[in-house]
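Chain by chain, the residues:
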Amino acid sequence: MSQPLAERLRPRTLDDYIGQQHLVGEGAVLRRMIDAGRISSFILWGPPGVGKTTLAQIIANRLETPFYTLSAVTSGVKDVRDVIEKAQKTRFFNEASPILFIDEIHRFSKSQQDSLLGAVERGIVTLIGATTENPSFEVIRPLLSRCQLYVLKSLEKDDLLLLLKRAIETDVILKTRHIELRETSALLRYSGGDARKLLNILELVVEAESGDVVITDELVVSRLQQNPLAYDKDGEMHYDIISAFIKSIRGSDPDAALYWMARMIEGGEDPQFIARRLVISAAEDIGLANPNALLLANAAFDTVMKIGWPEGRIALAEAAVYLATSPKSNSAYLGIDAALATVRETGNLPVPLHLRNAPTSLMKDLGYSDGYKYPHDYPGHFTSQQYLPDELQSARFWKGQHSPAEEKLYERMVNYWGERFK
């Protein structure tokens, strides 16, 4: 039985690697490290099918260093310790550390990650982790702090077209089939920027035809409809459905939110993944229009962690319906982004002296805390004074939106600050 097309076309060198030029292009950070022959531990974060595993293998081949692979799905703490022991025995003085590649590192438990920490700290292994999930949620802080984080992007249209051309012209099997790419829109749309999915779809379509193959959008759609399981739930479906789920909540449609949640549940989605998205939605889309939404989303997350599956689906459904039917506001989301943009533009502006603590006599002599007004000493627990840096005294970041709860907050600010908030 021949290898799948995606495996046959897996690049072996950086020159054959498609995409991620911000990391491996001429002069890019990873390219420089690889060319120098020394790399530090890092984690590759990106959607499926963008070349995380391939990049790790290319690096190991280029550096000619021992390369160990573990899957977080099938490996335990003992497997981690066994690999670390082998790495210690095979490493010679002044040689580069063996590379330990961990696929789906976000699925490693805390104890598994703890067992890695010492080896990474002492340089026994150079860790390369791959994850489709935000590492800040899933990777323990001590380990994350010892690794660089590199974000991989979905492949662009030109990358995917180049991959199609390479497959048709160079693959030992496809180049004998006389394939014409008359239309590519459906291929690109269904691939969703996932190289592996693109090649899987191409292979599926070609294998279903006899003789010469003329690929059209109609042919691709037809073949995929006949093979609904032709692409895995961890790829395009994963990202499309969670997008539909979040947008249904944002759009205040509880029925659609429940439907897309059901699709995720039936597809075997990780309940924690759904719960995290609910927490994000509560903060980003409901926000101050109904602050209880964030509390309920967090409670649903805790419930899923405590009682597991399948009962956890009820708590998630309750949270999804509550969020979808809640009033919406993204004022906090817009506010922090506006503040971050100002910080990046203006840099580290000094804290006004009256806002600084003065725990020593020297600080008091320098005027630290001098003139600060303690709000609780004033009627209504408020008195007007400057809290922003001098250069930003009149800056506004948070702007109240039109929902009953948030309008009360806005009215209070107008009463306190007057013209500044009008």
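For the structure itself, consult the block above.
Below is a short write-up of the structure. (Residues numbered from 1 in each chain as written. Predicted model: local features only at pLDDT ≥ 70, side-chain atom pairs only at ≥ 80, totals over all residues. Heavy atoms only, no water.)

Quick look at the nonpolar core now. Side chains of nonpolar character tend, in soluble globular proteins, to be buried together. Core analysis: the biggest nonpolar cluster contains 28 residues, and L202, I215 and V220 have the highest contact counts within it. Broken down by secondary-structure element, the contributors of at least two residues to this core are α1 (5–8), α9 (157–170), α10 (185–191), α11 (195–207), β7 (213–215) and α12 (217–226). If you tally residues by element for this core, the top one is α11, at 7 residues. Excluding residues within four positions of it along the chain, I215 makes contact with I179, E180, L181, R182, E183, L187, L202, V205 and V220. (Core = buried A, V, L, I, M, F, W, Y, C linked by side-chain atoms within 4.5 Å. Buried < 20%, exposed > 50% of the residue type's maximum accessible area, 1.4 Å probe, protein only. Helix = DSSP H or I, 4+ residues; strand = E, 2+ residues; numbered from the N terminus. Contact = heavy atoms within 4.5 Å.)

Where helix α15 (residues 271–286) meets helix α17 (residues 312–325), the axes come as close as 11 Å, and the angle between the chain directions of the two elements is 20°. Classed by the angle they form, the pair α15 and α17 counts as roughly parallel. Viewed along their axes, α15 and α17 form a crossing whose handedness is left-handed. Contact with α15, carried on its side by P271, I274, A275, L278, S281, A282 and I286, involves L316, A319, A320 and L323 of α17 and no other residues of that element. Here the residues of the contact of α15 with α17 are counted per class, giving 10 nonpolar, 1 polar and no charged. (Axes fitted to C-alpha atoms, helices over the stretch in contact; angles between N-to-C directions. Parallel < 35°, antiparallel > 145°, perpendicular 65-115°, else oblique. Left-handed = near helix turned anticlockwise from the far one by under 90°. Nonpolar A, V, L, I, M, F, W, Y, C, P; charged D, E, K, R; others polar.)

With that settled, consider the sheet that holds strand β1 (residues 42–45). Strand-to-strand pairing in sheets goes through backbone hydrogen bonds, with the strands running parallel or antiparallel. Here we have 5 strands laid out as an open sheet, ordered β2-β3-β4-β1-β5, and parallel in their pairing. Looking at the sheet topology across the chains shown, the edges are occupied by β2 (67–71) and β5 (148–151). When strand polarity is set aside, the average angle formed by the axes of neighbouring strands in this sheet is 20°. Relative to β5, β1 runs parallel, the two sharing 4 bridges. Looking at β5, one finds that W45 is bridged to V151. Each of β1, β2, β3 (99–103) and β4 (126–131) touches helix α4 (residues 52–63); the most contacted strand, β3, lies at about 170° to it. (Pairing = 2+ DSSP bridges.)

Let's shift gears to the environment of T13. Structurally, T13 can be placed in the loop between α1 and α2 (21–24). C-alpha separation for the pair T13 and N61, spaced 48 residues apart in sequence, amounts to 8.2 Å.

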